[in-house]
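# An overview of the molecular structure
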Amino acid sequence: MAALHFHQTTTLTPEQYVAGLTDFGPGRAKLFANSADNYLKVHQQGRSQADVTEGSGGIWERLHYDWSNPNHVVLRTTDSNTWGGSSGHTYTFTRRSDGLTDIDLVTVRDGKNLKGRLLGLVVGTIGKGVLEKAFVDSVKAIEARNGAPKERGGA
């Protein structure tokens, strides 16, 4: 099992990032590269929760999104062709006194089969940079969508 921690500082408010995170419309891959339109299926969506299947490149997962606490958003994997156990993503948002927001992301990858266990090893070592870049790119894309200035600090 790999548990990866990422951090970004952004000009976005938590609400702006969560609005991007929970936009399950066409073109989602422009915000989240690992969520290709041909994998995307919204099974159910409410005011603060959703049940969504997404993925890319032969890897998919069904996620339960819970954004009922706007400062702590949890995506729990409920089904996948590779991930099981405690897999998912947790976003924690901290508003700063200077108007910026810190985003802390914890991604857990718990392989449920041989493919998943092998990918988990890769993700936990050399693949961490790929996931970090995807996170940074999502922050940049949502900033651009919101017309936010490019002031931020990295991991």
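In what follows, the accompanying structure is described. From a predicted model like this one, the values you see are computed outputs, not experimental measurements.

## As for the side chain of Thr77
Within the element layout of this structure, Thr77 appears in strand S5 (residues 72-80). By relative accessible area, which is 7% here, Thr77 ends up buried. A polar contact of 2.6 Å, which involves the side chain of Thr77, links it to the side chain of Glu61. Excluding residues within four positions of it along the chain, Thr77 makes contact with Glu61, Arg62, Leu63, Trp83, Ser87, Gly88 and Arg109.

## Overview of the sheet that holds strand S2 (residues 41-45)
On the basis of which strands lie adjacent, the open sheet formed by seven strands has the order S1-S7-S6-S5-S4-S3-S2 and antiparallel pairing. Two strands bound the open sheet, and with one partner strand each, they are strand S1 (2-10) and S2. Neighbouring strand axes in the sheet, compared pairwise and without regard to direction, differ in orientation by 20° on average. Sheet topology note: the strand S3 (residues 49-56)/strand S4 (residues 59-66) ladder contains eight bridges and is antiparallel. By the bridge assignment, Asp51 is partnered in S4 with His64. Packing of helix H1 (residues 14-21) onto the sheet brings it into contact with S4, S5, strand S6 (88-95) and strand S7 (101-109), and relative to S6 it is tilted by some 155°. Contacts between helix H3 (residues 128-145) and the sheet are confined to S1, S6 and S7, with S1 contributing the most and set at about 30° to the helix.

## Concerning helix H2 (residues 114-124)
For H2, the set of buried residues is Gly116, Gly120 and Val123. Each buried residue of H2 sits inside an arc of 65° when the element is viewed along its axis, so together they form one side. In H2, those exposed residues whose orientation departs by more than 90 degrees from the buried face are Leu114 and Leu121. In this structure, the buried residues of H2 make contact with S1, S7 and H3.

## Topic: H1
For H1, the complete set of buried residues consists of Pro14, Tyr17, Val18, Gly20 and Leu21. Buried residues of H1, viewed axially, fall in a sector of 160°; they line one side. Check the buried side of H1 and you find it contacts S4, S5, S6, S7 and H3.

## Let's talk about the pairing of S5
If a strand is regular, its side chains alternate between the two faces of the sheet. Bridge analysis of S4 against S5 gives six bridges, and the strand direction is antiparallel. Counted as the bridge partner of Leu63 is Thr77 from S5. Connecting S4 to the antiparallel partner S5 that follows it, the hairpin turn spans five residues. Both S5 and S6 contribute to a ladder of five bridges, which runs antiparallel. Bridge assignment links Val74 to a residue of S6, and that residue is Thr90.

## Let's talk about the environment of Arg62
Counting through the fold element by element, Arg62 comes out in strand S4. Every residue in contact with Arg62, bar those within four places of it in the chain, is listed here: His43, Asp51, Val52, Thr53, Arg76, Thr77, Thr78 and Asp79. Here the side chain of Arg62 touches Asp51 through a polar contact of 2.5 Å, side chain to side chain.

## Considering the pattern of salt bridges
Inspection of the entire model under this criterion finds nine salt bridges. One salt bridge in this structure joins Asp23 and Arg145, with 2.8 Å as the shortest N-O distance. With Asp23 in the loop between H1 and S2 and Arg145 in helix H3, the pair connects residues that are 122 residues apart, well separated along the chain. With a relative accessible area of 30%, Asp23 lands in the partly exposed category. Among the residues examined, Arg145 registers a relative accessible area of 41% and is labelled partly exposed. Within the structure, one salt-bridge network assembled from shared partners comprises Arg96, Asp98 and Asp102.

Conventions and cut-offs
Residues numbered from 1 in each chain as written. Predicted model: local features only at pLDDT ≥ 70, side-chain atom pairs only at ≥ 80, totals over all residues. Heavy atoms only, no water. Helix = DSSP H or I, 4+ residues; strand = E, 2+ residues; numbered from the N terminus. Buried < 20%, exposed > 50% of the residue type's maximum accessible area, 1.4 Å probe, protein only. Polar contact = N/O pair within 3.5 Å; in protein donor to acceptor, adjacent residues only side chain to side chain. Contact = heavy atoms within 4.5 Å. Pairing = 2+ DSSP bridges. Axes fitted to C-alpha atoms, helices over the stretch in contact; angles between N-to-C directions. Arc of directions from axis to C-beta. Salt bridge = Lys/Arg side-chain N within 4 Å of Asp/Glu carboxyl O.

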